[in-house]
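Chain by chain, the residues run as shown.
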Amino acid sequence: MTTSPQQQKQAGQPRQQPGGISQAFAVAGSPRAASPSPSSPSISLVAPVTYPSEVASSPTMDDTSVLTSSSPVFSGAHPFLRKFQTTVNKVLQQQKFQKQAQQQQASEPSPQRASPTTEAAAVMDSILAKRVGHLNVNERDSKAKCKDGSHYTSYPTTTAASASTPIAVPAGSNCNCASSGPQPVAGSVGEMDLFFDDDEEEDMRIEPSHFPPVSEEAREFSDRLLSQNKAWAIKTEQERPGFFARLEEQQKPQVLWIGCSDSRVPANQIVNLDPGEIFVHRNIANVVTHTDMNLLSVLEYAVDVLKVRHIIICGHYGCGGVAASLTQKQYGIIDNWLRNIKDLYTIHRKKFDTLEQGSKEQKDLLTELNVIQSALNVCHTSIVQKAWSRGEKLSVHGWCYRLSDGVIRNLGLCVEGPGNVEEVYHVMDEVKSAH
């Protein structure tokens, strides 16, 4: 194979030559090779040219380099580029560390200060845990080791007084623990059970410091009502010894009272019944609807569990809820509740048109109609219908209380069975299988 003189001349050139600016970017394999100009200064901007094969194997190249192997200039070509590449690598490394730190922080729950409610709940859990643990110990006979360590002596766990008297001492024992009292081993069951000191009881109590700070006004209010409660309890016990002990034993009311939440209409007092003799549910304007799960739960418990004999729906004249139902004012979420009473007004509109708009007569009429409708709604419930179908004696009454003289007016409504209720509300007996 013959070569031309030009090719021989190019082949004889060295790989590293000083030259001009254009020659700084001359790379082997380039389609053209720049020749030095006689007039250009002999300045080299690059270190010895690195060829593609050397770039690929260069140990300083990595994936984060802005000057890749495909670039005609590598970072080793000039100190400025080398410094630039080092700065870029540092920035990328910092970003990598920051990203890792953010991911770690996101994976770990950030510490947050517990709310006062959460702190109080934690304190309660601790106190209850101590009490439950103490009660579990009391369920077993405590055992205290005698002084010489020869045997255990059992003691009752009911009271502190009985704990001082041993129940059983092994026969033939020379121990005098029966006379000297128990000497429990530190940390033993007997020590916890028989010698539960005042300090440990104090730890079980709920201290004011466990809860958020209380204002002086709130503290005085609580103290006043609690003092009145103690005075009432003492007076009641003095006048009727054993009243609270009997009340604690059972709850067998004969009456379910559905009344208004108005503070001037206390159920027990206006019918002169003691606590435990009347089961009470109250809401705004003594409304009974078939979608009120609170009322239906009370009704079911009263009828099916307590076996009450009478259900009284008692409204009261001068009811604010009834008065608000006759207006177009907006009061808030209660407007949706009072809609039931507004519907009554619409149904009986002709009766109200004969009375002065917004008068006392209108309000009293709407109060009575509301009681009657609520009583009928009670009768329509599946709870009452099923009780009647079982043959249980249950009567539903409609009353109205007058604030002016404290007297209850009987509206004359008393439903004692399904016969007085439309058949569509009756409950059909379950069809028994022919098999």
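Provided above is the structure to which this section pertains.
Throughout, residues of each chain are indexed from 1 in the direction in which the sequence is written. Reporting in this predicted model follows two pLDDT cut-offs: at least 70 for local features of residues, and 80 or more for side-chain atom pairs to be given and counted; totals over whole chains, interfaces and linings ignore these cut-offs and use all residues. Based on all heavy atoms of the structure, the side-chain values leave hydrogens and waters out of the count.

Asks: Can you break down the overall build of the protein chain residue by residue, with the values?
Replies: Only DSSP runs of H or I with at least four residues qualify as helices, and only runs of E with at least two residues qualify as strands; both kinds are numbered from the N terminus onward. Helix and strand content of the protein chain: 17 helices and seven strands. A simple rule labels every residue: compare its accessible area, found with a 1.4 Å probe on the protein chains alone, to the largest value its type can have, and call it buried under 20%, exposed over 50%, or partly exposed in between. Across the 435 residues in the protein chain, those meeting the buried criterion constitute 28%. A contact between two residues is defined here by any heavy atoms of the two lying within 4.5 Å. Contacts in the protein chain between residues at least 24 apart in sequence constitute 56% of all its contacts with a sequence separation of at least 6. Carbon and sulfur atoms form 54% of the exposed surface of the protein chain, whose accessible area is close to 29700 Å². Residue-level accessible areas treat just the shown protein chains as cover; the underlying method is Shrake-Rupley with a 1.4 Å probe.

Asks: Please give an account of the side chain of histidine 397 that cites residues and values.
Replies: Of note, histidine 397 is situated in strand β6 (residues 395–401). Within polar-contact distance, the side chain of histidine 397 engages the side chain of histidine 310 at 3.1 Å. Once residues lying within four places of it in the same chain are set aside, the contact partners of histidine 397 are His310, Ile311, Ile312, Ile313, Ala375, Leu413 and Cys414. Polar contact is defined as a pair of N or O atoms within 3.5 Å, subject to the rule that within protein one atom must be able to donate a hydrogen and the other to accept it, and that residues adjacent in sequence are counted only when both atoms are side-chain atoms.

Asks: Run through the pattern of salt bridges, naming residues and quoting values.
Replies: Salt bridge, as used here, is a side-chain nitrogen of Lys or Arg placed within 4 Å of a carboxyl oxygen of Asp or Glu. Inspection of the entire model under this criterion finds 11 salt bridges. Among the ionic pairs, aspartate 274 bridges to arginine 240, the shortest N-O distance being 2.7 Å. With aspartate 274 in the loop between α11 (267–270) and β4 (278–283) and arginine 240 in the loop between α9 (216–239) and α10 (243–249), the pair connects residues that are 34 residues apart, well separated along the chain. Aspartate 274 gets classed as partly exposed once you look at its relative accessible area, which sits at 24%. Residue classification places arginine 240 among the partly exposed residues on the basis of a relative accessible area of 34%. Residue lysine 360 is joined to aspartate 364 by a salt bridge in which the shortest nitrogen-to-oxygen separation is 2.7 Å. Here the residue lysine 360 and the residue aspartate 364 both occupy positions in helix α16 (residues 360–380), the gap between them amounting to four residues, near one helical turn. Judged by relative accessible area, aspartate 364 falls into the buried class, the value being 16%. Taken together, the shared-partner salt bridges in this structure form one network comprising Asp304, Lys307, Arg390 and Glu392.

Asks: Describe unusual backbone geometry, listing the residues and the values that go with them.
Replies: Non-glycine residue asparagine 272 carries a positive phi angle of around 55°. Take asparagine 272: it is sitting in the loop between α11 and β4. Unusually for a residue other than glycine, lysine 307 sits at a positive phi of about 55°. Structurally, lysine 307 can be placed in the loop between α12 (293–305) and β5 (310–316).

Asks: So, the packing of aromatic side chains: which residues are in play, and what are the values?
Replies: Aromatic rings from Phe, Tyr and Trp, with only the six-membered ring used for Trp, were paired whenever their centres fell within 6.5 Å, and each pair was classed as stacked if the ring planes differed by under 30 degrees, edge-to-face if by over 60, and tilted otherwise. Going through the model one piece at a time under the given rule, you end up with five aromatic pairs. Centre to centre, the rings of tryptophan 257 and tryptophan 399 are 6.5 Å apart; their planes meet at 75°, and the pair counts as edge-to-face. Of this pair, tryptophan 257 sits in strand β3 (residues 255–260) while tryptophan 399 sits in strand β6, and the two are 142 residues apart along the sequence. By relative accessible area, which is 1% here, tryptophan 257 ends up buried. Aromatic pair tyrosine 345 and phenylalanine 352: ring centres 4.9 Å apart, planes at 45°, arrangement tilted. Residue class for phenylalanine 352 comes out buried when judged on its relative accessible area of 1%.

Asks: Which residues make up the environment of valine 407, and what values do they have?
Replies: You can see valine 407 is positioned in the loop between β6 and β7 (408–415). Assessed through its relative accessible area of 38%, valine 407 is described here as partly exposed. For the pair valine 407 and isoleucine 270, spaced 137 residues apart in sequence, the C-alpha to C-alpha distance is 8.1 Å. Discounting residues that sit within four places of it in the chain, valine 407 has contacts with Cys400, Tyr401 and Arg402.

Asks: Could you give an account of the sheet that holds β6, naming the residues involved and the relevant values?
Replies: Here, a strand pair is defined by DSSP locating no fewer than two bridges between the strands. Pairing is mixed in the open sheet, where five strands are placed in the order β4-β3-β5-β6-β7. Single-partner strands in this sheet number two, and they are β4 and β7. Adjacent strand axes in the sheet meet at a mean angle of 20° when their direction is disregarded. Here β6 runs beside β7; their pairing, made up of six bridges, is antiparallel. Comment: axis = line fitted to C-alpha atoms, over the contacting stretch for helices; angle = value between 0 and 180 degrees taken between N-to-C directions.

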